Amino acid sequence: ASMMPVEERPPIRSSVTLGPWEIITQQCHILRSTCKCTADNTAYSGRCVACIYSDTLTLPDLPEMTFDRNFLSLRHTPSGGSISLITLDALALVDPSRDAVKVSYAAEWQEKRCDCEHLNNTVKLCDWTFKTAYRGSVSGAHSCSETKEEPGREKLLRRDQIL
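Conventions adopted
- Residues numbered from 1 in each chain as written.
- Predicted model: local features only at pLDDT ≥ 70, side-chain atom pairs only at ≥ 80, totals over all residues.
- Heavy atoms only, no water.
- Core = buried A, V, L, I, M, F, W, Y, C linked by side-chain atoms within 4.5 Å.
- Buried < 20%, exposed > 50% of the residue type's maximum accessible area, 1.4 Å probe, protein only.
- Helix = DSSP H or I, 4+ residues; strand = E, 2+ residues; numbered from the N terminus.
- Contact = heavy atoms within 4.5 Å.
- Patch = residues over 30% accessible without salt bridge, like charges linked within 9 Å, V, L, I, M, F, W, Y side chains within 5 Å.
- Areas by Shrake-Rupley, 256 points an atom, 1.4 Å probe, with all protein chains shown as cover.
- Salt bridge = Lys/Arg side-chain N within 4 Å of Asp/Glu carboxyl O.
- Pairing = 2+ DSSP bridges.
- Axes fitted to C-alpha atoms, helices over the stretch in contact; angles between N-to-C directions.

*Asks:* How should I be thinking about the nonpolar core in this particular structure?
*Replies:* Where a protein is soluble and globular, its nonpolar side chains tend to be buried together. In this structure, L31, C48, V49, A50, C51, I52, Y53, L57, L59, L88, L91 and V94 together form the largest nonpolar core, which totals 12 residues. Contributing elements (two or more residues each) for this core: α1 (49-56) and α2 (87-92). The element best represented in this core is α1, accounting for 5 residues. Beyond its immediate stretch of four places on either side in the chain, L59 contacts L91, V94, P96 and F130.

Shown next, in the form of structure tokens:
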């Protein structure tokens, strides 16, 4: 049995229904950092996913570990409305000139490894992360609005059985 290349591994999708809601998750491997534009790997308009991310985002570099095919979706079955957490949609809202956040321990981490010969050969130092105002991608017959309601501290601290 030969190992399949990473691109060919199918995503793992699972779902659970809770009342009128269906919770759907999908897990897959990380996005390849290099272009793989071939006839078999052009899911979007003849371009590979790495090219789509590179062309769509205004980031100086893609995050090191981008799980491009992972998502979480909450679907209201009666209405068909849903809210999904989608990697590309979230990263598209990042403004690198405003939303770059220096990781708090980056300088300390680098200082403790100053004698590491490989650290000096690094093309880019990975001491930055990004934040975004992304709150999910809404679709279907649902709309979202601000509310003053809160779930309540007791409810958040309650130890419910894991399904």
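What follows continues from the structure just given.
*Asks:* Sorry if this is basic, but what is going on with a nonpolar patch on the surface here?
*Replies:* Judged by side-chain polarity, V16, L18, W21, L72, L74 and L85 come together as a nonpolar surface patch covering roughly 450 Å² of accessible area. Every element with two or more residues in the nonpolar patch is listed here: β1 (12-18) and β3 (71-76). Locating W21 in the fold gives a position in strand β2 (residues 21-27). Residue W21 is classed as partly exposed on the basis of its relative accessible area of 35%.

*Asks:* Teacher, can you tell me more about the sheet that holds strand β4 (residues 82-86) here?
*Replies:* Ordered by their spatial adjacency, 5 strands build an open sheet running β1-β2-β3-β4-β7, and the pairing between neighbours is antiparallel. Here the strands that pair on one side only, and so sit at the sheet edges, are β1 and β7 (137-139). Sheet twist, expressed as the average angle between the axes of neighbouring strands with direction ignored, equals 15 degrees. Bridge analysis of β4 against β7 gives 3 bridges, and the strand direction is antiparallel. Paired with S84 across the strands is S137, a residue of β7.

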